[in-house]
Each structure stands twice: as structure tokens, then as C-alpha cells.
Amino acid sequence: MLHSVLPEALSNMSPCSAALSTLSLLCMLLVSRASDTPKLRDPSAPHKPVRLFTDEDLVLYNGEQEDEPIYMAVKGTVFDVSAGKEFYGKGAPYNALAGKDSTRGVAKMSLDPEDLTYDASGLTEEQLKSLDDIFENVYKKKYPIVGYTARRILNEDGSPNPHFKPEDQPQFSIKDEF
């Protein structure tokens, strides 16, 4: 019924009043429809914002401090590995991976200090395949993502990289990360 009365009512108004009335009705319609839409996320669930970590930020979560979470990055994605404290905590076998982006070490399955870096250049096809497998089937399945390394989207000087496109990053498979 409203749709048959509306055009007649609007034609009797000034153009400005008609525009405002139409905008008002549209807003009311959108608000009423939004309240009918199911929520995708439980609003009562705590929400942790995703953070951007510099190397200096990340090192603070290296497992050495008892009251701090343990973070490590793989492929520029920062994971909270605190649930694996027996592996990544102080004195644990993989503690060397914590507090940094250890992409190369994960790819090579190496704890050599030279390999504990984000740099994936020069890795073999087999190592890259292993990296992708571990990233998808271990880290993304077991540990929550708490952020990303600044290196993924910033220039060396810290300014935003206007040319950064997740889909153009050969070492990342990020369809569901951003």
C-alpha cells in the first residue's frame, strides 16, 4: 500500500522535501532490515582486534616472560602459540621460533639462527611446499591469528606501501586472512 501512496505524496512536496523524505524512508527501511539480518559473529564473544606488529613489538612475546602470551609469525601472519607453551615457551624445544617471523626456519625445519627470519627467498620448491603445508595444517588450524607483521604492508621506512596487494604476494596464500 505504501508504494502506491508514496509517489503521490512525494509529488505534492518541494524537490528538497521529497528528497529528504525519500532519504528518511530509505534509512528507516535499512535499519529495519539490518535488525532482521542474522549476526555472523556472536556479539557476546570477546573480540580481539588484529594488530600490526613490528619486529620490536613481536620480540616482546618470545616466551621468556611468564605473564605474557607467546607469539610467532609465519609468512607474515602472527599467531598466538601460547597454547603450545611446552613447545614455544622459555626453555622449550622450539622457543627459538617465538617472538619473530620464522618463515624460513619453518620452511627448512631449522632452528639455525640464520634461518630464523621472514626471508623466504632462495627456498626450494619442496621447502615452499612444506612451508605452505605447515602454515595451513598446523598454524592456521591450531593457533589464533592475532595480527600481521608490518613488513607485509609497509615500506622499509614505515610508510604505507600503496602497491601492496595481498594477491600479488607469491609466498602468501591469504584469501581468508584479511
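For clarity, every value in this text was computed on a predicted model and none was experimentally measured.

Draft legend 1. Quick look at the overall build of the protein chain. From N to C terminus, the protein chain includes six helices and four strands. Counted from the first residue to the last, the protein chain has its helices and strands arranged as α-α-β-α-β-β-α-α-α-β. Counting over 178 residues, the protein chain shows a buried share of 32%. Of the roughly 11,900 Å² of accessible surface on the protein chain, a fraction of 59% belongs to carbon and sulfur atoms.

Draft legend 2. Representation of the sheet that holds strand S1 (residues 51-53) within the structure. The strand order across the open sheet formed by four strands is S1-S4-S3-S2, and the pairing between neighbours is mixed. Where the open sheet ends on each side, the last strands, each with one partner, are S1 and strand S2 (71-74). Here the strands of the sheet are splayed against their neighbours by 35 degrees on average, with no regard to which way each runs. Here strand S3 (residues 77-80) pairs with strand S4 (residues 145-149) via three bridges, running antiparallel. Looking at S4, one finds that threonine 77 is bridged to tyrosine 148.

Draft legend 3. Highlighting the packing of aromatic side chains. Within the structure shown, the criterion is met by nine aromatic pairs. Each ring, one from tyrosine 88 and one from tyrosine 94, has its centre 6.3 Å from the other, and the planes form 40 degrees; the classification is tilted. By relative accessible area, which is 6% here, tyrosine 88 ends up buried. Both rings, one in tyrosine 88 and one in tyrosine 143, keep their centres 6.1 Å apart while their planes meet at 85 degrees; by these two values the pair is edge-to-face. In this pair, tyrosine 88 sits in helix H4 (residues 85-88) while tyrosine 143 sits in the loop between helix H6 (125-142) and S4, placing the two residues 55 residues apart along the sequence. Relative accessible area serves as the criterion here: at 6%, tyrosine 143 is assigned to the buried category. A cation over a ring is seen here: arginine 151 above tyrosine 118, with NZ or CZ 3.6 Å from the ring centre.

Draft legend 4. Representation of the nonpolar core in the model. The biggest cluster of nonpolar side chains holds 18 residues, and the ones touching the most others in it are Met72, Val74, Phe79, Val81, Tyr88, Val106 and Tyr139. Broken down by secondary-structure element, the contributors of at least two residues to this core are S2, helix H5 (103-108) and H6. Examining the composition of this core, we find that four residues originate from one element, H6, more than from any other. Non-local contacts of phenylalanine 79, meaning those with residues more than four positions away in its chain, are made with Ile70, Tyr71, Met72, Val74, Phe135, Tyr139, Lys140, Tyr143, Pro144, Ile145 and Val146. In this structure, Phe53, Tyr71, Ala73 and Val78 belong to the second largest nonpolar core, which totals seven residues.

Each value, and the rule that gives it
- Residues numbered from 1 in each chain as written.
- Predicted model: local features only at pLDDT ≥ 70, side-chain atom pairs only at ≥ 80, totals over all residues.
- Heavy atoms only, no water.
- Helix = DSSP H or I, 4+ residues; strand = E, 2+ residues; numbered from the N terminus.
- Buried < 20%, exposed > 50% of the residue type's maximum accessible area, 1.4 Å probe, protein only.
- Areas by Shrake-Rupley, 256 points an atom, 1.4 Å probe, with all protein chains shown as cover.
- Pairing = 2+ DSSP bridges.
- Axes fitted to C-alpha atoms, helices over the stretch in contact; angles between N-to-C directions.
- Phe/Tyr/Trp six-rings, centres within 6.5 Å; stacked < 30°, edge-to-face > 60°.
- Lys NZ or Arg CZ within 6 Å of the ring centre and 35° of its normal.
- Core = buried A, V, L, I, M, F, W, Y, C linked by side-chain atoms within 4.5 Å.
- Contact = heavy atoms within 4.5 Å.

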